[in-house]
Amino acid sequence: MALLPIYTAPDPLLKAISRPVEEVTADIRKLVDNMLETMYDAPGIGLAAIQVGVPKRLLVLDIVGKDRDEMPAPMTLINPEITWVSDHDETYEEGCLSLPEHYADVVRPAEIDVNFLDVDGKRQKLRAEGLLSTCIQHEIDHLDGILFVDHISALKRNMILRKLLKLKKLAS
Ligand code: NI
């Protein structure tokens, strides 16, 4: 396994629309393993393939293993599609490995149904609520080139992006 570099905003790559995975091959499973290792190392609770520079509709997450005493519970969603959202919303303070050190309240549907392929290429269906629902919606957004800051006011978004840009200039 290997740690992968995580792209950070404002990088044009993060605006790319990812393409469906045609077949769940050994290469895809290797990518999933490396993404999970990268996510746990960061540490984060979700990571989309585009964040490590691969424009494929694939994401990993683990909302349980973030607590040190809990066993890791990694999930992999390939070609995920939201088929239903609840009428009621929920607000979570979101963060993102591609927007390090920045957080903002984001409103999203509280519950969703999502169809996807697992790492064995089998069709799965899941109803998610709470943090899992938020995390899946956040990661699916990445596959469509959307960041959590795209859900907040332009004023706040530009403030965050300018700070990240300044950090990049200092680092280069
Ligand atoms: Ni993110």
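Before going into details, it helps to say that this report is about the structure given with it. Here the structure is a predicted model, which is why all the values come from computation and not from measurement.

1. So, the overall build of the protein
A count of helical and extended segments in the protein gives three helices and seven strands. When the helices and strands of the protein are read in sequence order from the N terminus, they spell out α-β-β-β-β-β-β-β-α-α. Since a compact globule built from 172 residues should have a radius of gyration of about 16 Å, the 16 Å found for the protein is in line with a globular shape. Counting only C-alpha atoms and orienting by the principal axes, one finds that the protein spans roughly 45 × 40 × 35 Å. Partitioning the intrachain contacts of the protein with sequence separation of at least 6 by distance along the chain shows that 64% fall at a separation of at least 24. With the model as given, the accessible surface of the protein reaches about 9,700 Å², and the carbon-plus-sulfur share is 52%.

2. Quick word on the coordination of the nickel ion
Protein coordination of the nickel ion is provided by Cys-96 (SG), His-138 (NE2) and His-142 (NE2), with donor distances spanning 2.1 to 2.2 Å. Positions of the donor residues of the nickel ion, expressed as sequence spacing, correspond to C-x41-H-x3-H. Remark: His-138 occurs in helix H2 (residues 130-143) and Cys-96 occurs in the loop between strand E4 (89-94) and strand E5 (104-109); sequence separation between them is 42 residues. Classification of Cys-96 by relative accessible area gives buried; the value is 10%.

3. Details of helix H3 (residues 154-171)
The terminal C-alpha atoms of H3 lie 26 Å apart, and with 18 residues this matches the ideal 26 Å at 1.5 Å per residue to within 8%. Among the residues of H3, those classed as buried are Arg-157, Ile-160 and Leu-164. For H3, the angular spread of buried residues about the axis comes to 70°, placing them on one side. Within H3, the exposed residues directed more than 90 degrees away from the buried face are Leu-155, Arg-162, Lys-166, Lys-169 and Leu-170.

The rules we used
- Residues numbered from 1 in each chain as written.
- Predicted model: local features only at pLDDT ≥ 70, side-chain atom pairs only at ≥ 80, totals over all residues.
- Heavy atoms only, no water.
- Helix = DSSP H or I, 4+ residues; strand = E, 2+ residues; numbered from the N terminus.
- Rg over C-alpha atoms; globule rule 2.2 N^0.38 Å.
- Contact = heavy atoms within 4.5 Å.
- Areas by Shrake-Rupley, 256 points an atom, 1.4 Å probe, with all protein chains shown as cover.
- Donors = N, O, S within 2.8 Å, 3.2 Å for Na, K, Ca; no water.
- Buried < 20%, exposed > 50% of the residue type's maximum accessible area, 1.4 Å probe, protein only.
- Expected span 1.5 Å × (residues − 1).
- Arc of directions from axis to C-beta.

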